[in-house]
Amino acid sequence: ANTNADNIKLMSAMLCAALYPNVVQVRAPEGKFQMTRSGTMKMPSKAEEMKFVTKNDGYVHIHPSSINYQVRNFDSPYLVYHEKIKTSRVFVRDCSMVSVYPLILFGGGQVNVELRKGDFLISMDDGWIRFVAASHQIAELVKELRSELDQLLQDKIKNPTMDLHTCPRGSRIIAMIVKLLTTQ
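Keep in mind it's a predicted model, so treat the numbers as computed, not measured.

## Re the packing of aromatic side chains
Tallying each qualifying case throughout the model produces three aromatic pairs. Ring plane angle 85 degrees and centroid distance 6.1 Å describe the contact between Phe 52 and Phe 74, whose orientation is recorded as edge-to-face. Of this pair, Phe 52 sits in strand 4 (residues 51-54) while Phe 74 sits in the loop between strand 5 (58-62) and strand 6 (78-86); the two residues are 22 residues apart in sequence, bridging distant segments of the chain. Residue classification places Phe 52 among the buried positions, given a relative accessible area of 6%. For the ring pair Tyr 78 and Trp 128, a centre distance of 6.5 Å and an interplane angle of 65 degrees mean the geometry is edge-to-face. On the criterion of sequence distance, the pair formed by Tyr 78 in strand 6 and Trp 128 in the loop between strand 9 (119-124) and strand 10 (129-133) is long-range, its members being 50 residues apart. The exposure classification of Tyr 78 matches that of Trp 128, with both residues buried. Taken together, the ring pairs in this structure connect Tyr 78, Trp 128 and Phe 131 into an aromatic cluster.

Set out below in C-alpha cells:
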C-alpha cells in the first residue's frame, strides 16, 4: 500500500474491486452539432441529458449532492458507486469513474472474448459489461492475466502464509497488473 500510495489510477482500481458489482453504465446522448464559421462543431452534452443504468435497477440518476452530478463527459462508460437510495427515484451517490482494465481484472464472473462485426469484444457479467479490444491478442492477454490473478488468489486462500511479494509468480503477476493499471 505504501509503495503505491500516490498511484491514483491504482487506487481507483481498488475502488472498483471493493465496490463491484455496484456498477453504472454511462450512456451519453447522441452528439448534437452546430454550424460555425470554421465548419460543423460537436456541442457538449448537457448534464441532464446523460443517462445512467444499473444491471438490476435500470435507469438511475446521480444524486444532486454527488460531485459527479454536473459532469457532462466521462472518459469511461462505467462508474462504480457506494450507495444507492430511492426517494422520488433511484439515485446513486459516492460514484467514481472506473476504466476498463480494473473492471476486467477485479470485476466478477467469467471473462469472455468474442468476435462480433469485426471487433474483438471482451465481456463479463453475462455480457452486461463489454469493451472493444484493439486486437484479438490484447483481448486474450487481458483474459489470461485475469485468469492468472484468479489462480493466484485461489493459491493464497489455500496457503494464507504465502507472501505474494516474495513468491516469484505472485510478484510478477502483481507487477504486471500495477504496470497495466498505471499506464492505461
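Let us keep going from here.
## Let's talk about the side chain of Ser 76
Mapped onto the elements of the fold, Ser 76 is located in the loop between strand 5 and strand 6. The exposure class of Ser 76 is buried, given its relative accessible area of 5%. Side-chain polar atoms of Ser 76 contact the backbone oxygen of Val 98, separated by 2.6 Å. Excluding residues that lie within four positions of it along the chain, Ser 76 makes contacts with Val 26, Met 97, Val 98 and Ser 99.

## Overview of the nonpolar core
The biggest cluster of nonpolar side chains holds 34 residues, and the ones touching the most others in it are Val 23, Leu 103, Ile 129, Ile 177 and Leu 181. Beyond its immediate sequence surroundings of up to four residues, Ile 177 is in contact with Leu 105, Phe 106, Leu 145 and Leu 149. In this structure, Val 24, Val 26, Ile 62 and Phe 74 belong to the second largest nonpolar core, which totals 12 residues.

## Side note on the packing of helix 1 (residues 8-19) against helix 4 (residues 168-183)
Running from amino to carboxyl end, helix 1 crosses helix 4 at an angle of 105 degrees, the nearest separation of the two axes being 8 Å. Classified by the angle between their axes, helix 1 and helix 4 sit roughly perpendicular to one another. Residues Lys 9, Leu 10 and Ala 13 of helix 1 form the contact with helix 4, whose own contacting residues are Val 178, Leu 181 and Thr 182. Here the contact of helix 1 with helix 4 is built from residues that sort into four nonpolar, one polar and one charged.

## Some details on the UniProt feature "domain: RNA helicase C-terminal" (unreviewed entry) in the protein chain
On the UniProt side, "domain: RNA helicase C-terminal" (unreviewed entry) is annotated at positions that read residues 122-183 here. Note that residues 122-183 is 63% helix and 13% strand, and that its end C-alpha atoms are spaced 19 Å apart.

## Topic: the domain arrangement of the protein chain
Split into domains, the protein chain comes out as domain 1 (1-98) and domain 2 (99-183). The straight-line distance from the C-alpha centre of domain 1 to that of domain 2 is 23 Å. Across the boundary between the two partners, domain 1 contributes 19 residues, which contact 17 residues of domain 2. Across the interface of domain 1 and domain 2, roughly 1,500 Å² is buried in total on both sides, 66% from carbon and sulfur atoms. For domain 1, the biggest contributors to the area lost against domain 2 are Tyr 20, Lys 55 and Tyr 78; these three give 39% of the whole. The tally of links between domain 1 and domain 2 comes to two salt bridges. Linking Lys 55 and Asp 126 is a salt bridge whose minimum nitrogen-to-oxygen distance equals 3.6 Å.

Conventions we followed
- Residues numbered from 1 in each chain as written.
- Predicted model: local features only at pLDDT ≥ 70, side-chain atom pairs only at ≥ 80, totals over all residues.
- Heavy atoms only, no water.
- Phe/Tyr/Trp six-rings, centres within 6.5 Å; stacked < 30°, edge-to-face > 60°.
- Helix = DSSP H or I, 4+ residues; strand = E, 2+ residues; numbered from the N terminus.
- Buried < 20%, exposed > 50% of the residue type's maximum accessible area, 1.4 Å probe, protein only.
- Polar contact = N/O pair within 3.5 Å; in protein donor to acceptor, adjacent residues only side chain to side chain.
- Contact = heavy atoms within 4.5 Å.
- Core = buried A, V, L, I, M, F, W, Y, C linked by side-chain atoms within 4.5 Å.
- Axes fitted to C-alpha atoms, helices over the stretch in contact; angles between N-to-C directions.
- Parallel < 35°, antiparallel > 145°, perpendicular 65-115°, else oblique.
- Nonpolar A, V, L, I, M, F, W, Y, C, P; charged D, E, K, R; others polar.
- UniProt positions renumbered as here; feature names shortened; annotations may be inferred.
- Domains from an automatic or database assignment.
- Buried area = accessible area lost by both parts, 1.4 Å probe.
- Salt bridge = Lys/Arg side-chain N within 4 Å of Asp/Glu carboxyl O.

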